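Here is what each chain is made of, one letter per residue.
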Amino acid sequence: MITRKEVQHIAKLARLGLTEKEVRKFQKELSKILDYIEKLKEVDISKTEPTSHSIKVENVLREDASEEKNLEIRKKLIEMAPETKDGYLKVKSILK
Amino acid sequence: MHKDMELTELTITKAHQGLIKKEFSASELCQAYLDEISQKDKSICAFLTVFDEATASSLAEPHDKEVRRKKRTEFSANALRSTRATKDLALQQAKKVDEMILTGREIPALAGIPCAIKDNILVEDLRCTAGSKILENYIAPYDAWVVKKLKEKEAVILGKTNLDEFAMGSSTENSAFGPTRNPYDLTRVPGGSSGGSAAAVAANLCIFALGSDTGGSIRQPASFCGVVGLKPTYGAVSRYGLIAFASSLDQIGPIAKTVEDCQIAFEAIKGRDPLDSTSVESEIRNSKFEIRNLKLGVPKEYFVKGIDPEIEKAVKAAIKKYEDMGAKIEEVSLPHTEYALPAYYIINPSEASANLARYDGIKFGFSKIRNSKFEIRNLLDVYLRSREEGFGPEVRRRIMLGTYALSAGYYEAYYLRAQKVRTLVKNDFEKVFKEVDAILGPVSPVLPFKIGERIDDPLSMYLVDVYTVAINLVGLPALSLPCGKAGNLPIGLHIIGKPFEEEKILKIGEILEKIYVRH
């Protein structure tokens, strides 16, 4: 079973706040799901290349140039942020 | 009243005929559907947004009381622009089509056709929740590519449909706004995650709908609700404006009452979009065939333990019908079938955990940044608390699972291994497709289940996707088509095609559709 500490570590990596109750819940649930996924170990993959996309994906490039978006779009996007100042997004302090 | 009933039973083709023959106007058609929704959707809860507010949210039973309690008392700090009533926009669009018809202009097949859009696809200026509290007050700033295409064809958008939160689920029970109910039996689920779209089509609340399919989310609800659903080839339809879930698997597609309608809707939305680099212009392939030259494969791995005997019976009967009509049925083997599901449940949460990192309480969506009740001291607190309260149980589970699979020390054991198994699953299909034109099988191993039956056991919910996820891993097109019932509950046939052979599987489906008359 996954340890408490592991669950708390993953939650921290995922920036996901968990209640004490949930830590215990995830210990059980994730363990059960991961046990099922153990099945993959039965497969011989020693000579297999990984597939990340089902179709051939190629990089699509564009010119590296800045583009002025119209004011209305800009306003719409900025307005969605919970806190703004002078047209910028405002965040809480990063360092304590 | 009698006339309205008839209007809501039309297909795209028949409604189009009626419009150009002036048997009814687009406004009458639109109003008939709006009336139907206001009457019937109280019990089905297929729609989240039609009448200027979250319809289902105010009517449906909450499944997470804690979240629901908080939901109404605490609002996102979003500067809320007012949502324009979807209903008024729909009627306005219908009126525009009526004017086009009056002036004698030729109208596209979708002009004036009332449709519904899954609520993880953006429609400019309308709320787009993805079934999540974290986007409860998010107003889409632009149209998804597919919506732009529908608008160009003058379709009428009635509203946004319910889904499992961020499309994660197989029952629509994971919506933060309450479950949708199966129109065939209101105590049962409509499937998911596009359960709202499938239920809306099945209950005649729209003529067709758009859904998205990451591991079966179009096909399984189509099967559960007795309607037709098409998951196109990966890349056939642009994902621009689809709220990202698992980007190498997601694909938008239509849900409709008939195969022909699915084809019309698919034609309208497909094609290359410069804003989605994975989208391509499908090659036009010759899809003509004689049924006696048709080779259909039936994987022996699909009829093993776990499948409901009624489903096995109905699917085998459908396969027999193809054989009776002269098609050659061949038993084929997809040896890695049982490994597709565990591989999927690593790849899917891994991609999801990365995609959902954007919901941080800073840029848009639900945020605790201004909350003074909690002690929000720094940026990390904003992340932790916004995501803690904004995401529901299944989304948190996938974020945790995906983060685990991608974390240092586990990447090779889980993610890389799953990607290699994905290659083997793909090889299986490629080998079989050298021999056959299409593959037939069941869409789901189980019949529509009771609301609440599986929600507390995540693994039992995942197992419902056993036949559908492999198709997304490989990126193939696949159709779900009604092929009978067990009692009152619909059963779907799965028709899987080669890449970009949507037209062929649709034609194969149409053959069977002619035999099984709807309802």
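Presented here is an overview of the structure given in this document. (Residues numbered from 1 in each chain as written. Chains lettered and ligands numbered in written order. Predicted model: local features only at pLDDT ≥ 70, side-chain atom pairs only at ≥ 80, totals over all residues. Heavy atoms only, no water.)

**Details of the nonpolar core**
Residue and element names in this part refer to chain B. Core analysis: the largest hydrophobic core is formed by 180 residues, its most contacted members being Val 146, Leu 150, Phe 166, Phe 208, Tyr 322, Phe 429 and Ile 495. With nine residues, the single largest contributor to this core is helix H12 (residues 337–355). Val 189, Phe 224, Phe 449 and Met 461 belong to the second largest nonpolar core, which has six residues in total. (Core = buried A, V, L, I, M, F, W, Y, C linked by side-chain atoms within 4.5 Å. Buried < 20%, exposed > 50% of the residue type's maximum accessible area, 1.4 Å probe, protein only. Helix = DSSP H or I, 4+ residues; strand = E, 2+ residues; numbered from the N terminus.)

**A word on unusual backbone geometry**
Residues and elements named next belong to chain B. Here the residue pair Gly 192 and Ser 193 is connected by a cis peptide bond, since its omega of 10° sits within 30 degrees of zero. Tracing the backbone through its elements, the reader meets Ser 193 in the loop between strand E3 (156–161) and helix H8 (195–202). If you check the backbone angles, Asp 125 has positive phi at about 70° while not being a glycine. Even without being glycine, Glu 154 reaches a positive phi, approximately 65°. On the secondary structure map, Glu 154 appears in the loop between helix H7 (145–152) and E3. For Glu 154, a relative accessible area of 11% corresponds to the buried category.

**Quick notes on the packing of helix H1 (residues 4–13) of chain A against helix H2 (residues 20–37) of chain A**
All names here are of chain A. For the pair H1 and H2, interaxial distance at closest approach is 9 Å and the crossing angle is 110°. When the axes of H1 and H2 are compared, the pair comes out roughly perpendicular. When H1 is examined against H2, the residues Arg 4, Val 7 and Gln 8 are found in contact with a partner set consisting of Glu 20, Val 23, Phe 26 and Gln 27. Of the residues contributing to the contact of H1 with H2, the split by class is three nonpolar, two polar and two charged. (Axes fitted to C-alpha atoms, helices over the stretch in contact; angles between N-to-C directions. Parallel < 35°, antiparallel > 145°, perpendicular 65-115°, else oblique. Contact = heavy atoms within 4.5 Å. Nonpolar A, V, L, I, M, F, W, Y, C, P; charged D, E, K, R; others polar.)

**Describing H1(A)**
Within H1(A), burial applies to A:Val7, A:Ile10 and A:Ala11. Buried residues of H1(A), seen end-on, are gathered within an arc of 100° and therefore sit on one face of the element. H1(A) presents A:Lys5 and A:Lys12 as exposed residues on the side facing more than 90 degrees away from its buried surface. Those residues of H1(A) hidden inside the fold are in contact with H2 of chain A together with helix H14 (393–406) of chain B. (Arc of directions from axis to C-beta.)

**A few points about the packing of H2(A) against H14(B)**
Direction vectors running N to C along H2(A) and H14(B) enclose 65°, while the axes themselves pass 11 Å from each other. In this structure, H2(A) crosses over H14(B), and the sense of that crossing is right-handed. Across the interface between the two elements, A:Glu22, A:Lys25, A:Phe26, A:Glu29, A:Leu30, A:Ile33 and A:Leu34 of H2(A) pack against B:Pro393, B:Arg396, B:Arg397, B:Met400, B:Leu401 and B:Tyr404 of H14(B). (Left-handed = near helix turned anticlockwise from the far one by under 90°.)

**Quick notes on empty space enclosed by the protein**
Residue and element names in this part refer to chain B. Across all of its chains, the model carries six cavities of 30 Å³ or more by this definition. Roughly 70 Å³ of volume is contained in the second largest cavity. In terms of lining, the second largest cavity is formed by 14 residues, of which the most central are Gly 169, Gly 215, Ser 217, Tyr 344 and Asp 465. Residue contributions to the lining of the second largest cavity peak at three residues, all from H12. (1 Å grid on protein atoms, 1.4 Å probe; cavity = no way out; pocket = protein on both sides within 12 Å on 5 of 7 lines; lining within 4 Å. Points joined across faces, edges and corners; volume = space filled by probe spheres on them.)

**Comments concerning the interface of chain A and chain B**
Across the contact, 54 residues belong to chain A and 71 residues belong to chain B. Summed over both partners, the interface of chain A with chain B buries about 5,800 Å², with 67% contributed by carbon and sulfur atoms. Per-residue buried area on chain A facing chain B is highest for A:Leu40, A:Met80 and A:Pro82; these three make up 12% of the total on that side. Summed over the shared surface of chain A and chain B, the result is seven salt bridges. The salt bridge partner of B:Arg397 is A:Glu29, with a shortest N-O separation of 2.6 Å. Taken together, the links from chain A to chain B amount to 24 residue pairs in polar contact (both at pLDDT 80 or more). Of all the secondary-structure elements, those providing two or more residues to the side of chain A that touches chain B are H1, H2 and helix H3 (71–79) of chain A. A class-by-class count of the residues in the side of chain A that touches chain B yields 28 nonpolar, eight polar and 18 charged. (Buried area = accessible area lost by both parts, 1.4 Å probe. Salt bridge = Lys/Arg side-chain N within 4 Å of Asp/Glu carboxyl O. Polar contact = N/O pair within 3.5 Å; in protein donor to acceptor, adjacent residues only side chain to side chain.)

**Here's the deal with the side chain of B:Arg422**
Along the chain, B:Arg422 falls in helix H15 (residues 412–432). In this structure, B:Arg422 is buried with no salt-bridge partner, the nearest side chain bearing the opposite charge being B:Glu351 at 4.4 Å. Polar side-chain contacts of B:Arg422 include one of 2.9 Å to the backbone oxygen of A:Ser52. In this structure, B:Arg422 is in contact with A:Thr51, A:Ser52, A:His53, A:Ser54, B:Ser248, B:Leu249, B:Ile347, B:Glu351, B:Asn472 and B:Leu473, ignoring residues within four places of it in sequence. (Lys, Arg positive; Asp, Glu negative; His and termini not counted.)

**Focus on the pattern of salt bridges**
Residues and elements named next belong to chain B. As enumerated under the stated definition, the model contains 34 salt bridges over all chains in all. With a closest N to O distance of 3.2 Å, Lys 40 and Glu 36 form a salt bridge. Highlighted residues: Lys 40 and Glu 36, both in helix H3 (residues 26–44), separated by four residues, approximately one helical turn. For Lys 160, the salt bridge is made with Asp 119, and the minimal N-O distance between the two is 2.8 Å. With Lys 160 in strand E3 and Asp 119 in the loop between strand E2 (114–118) and H7, this residue pair connects regions lying 41 residues apart in the sequence.

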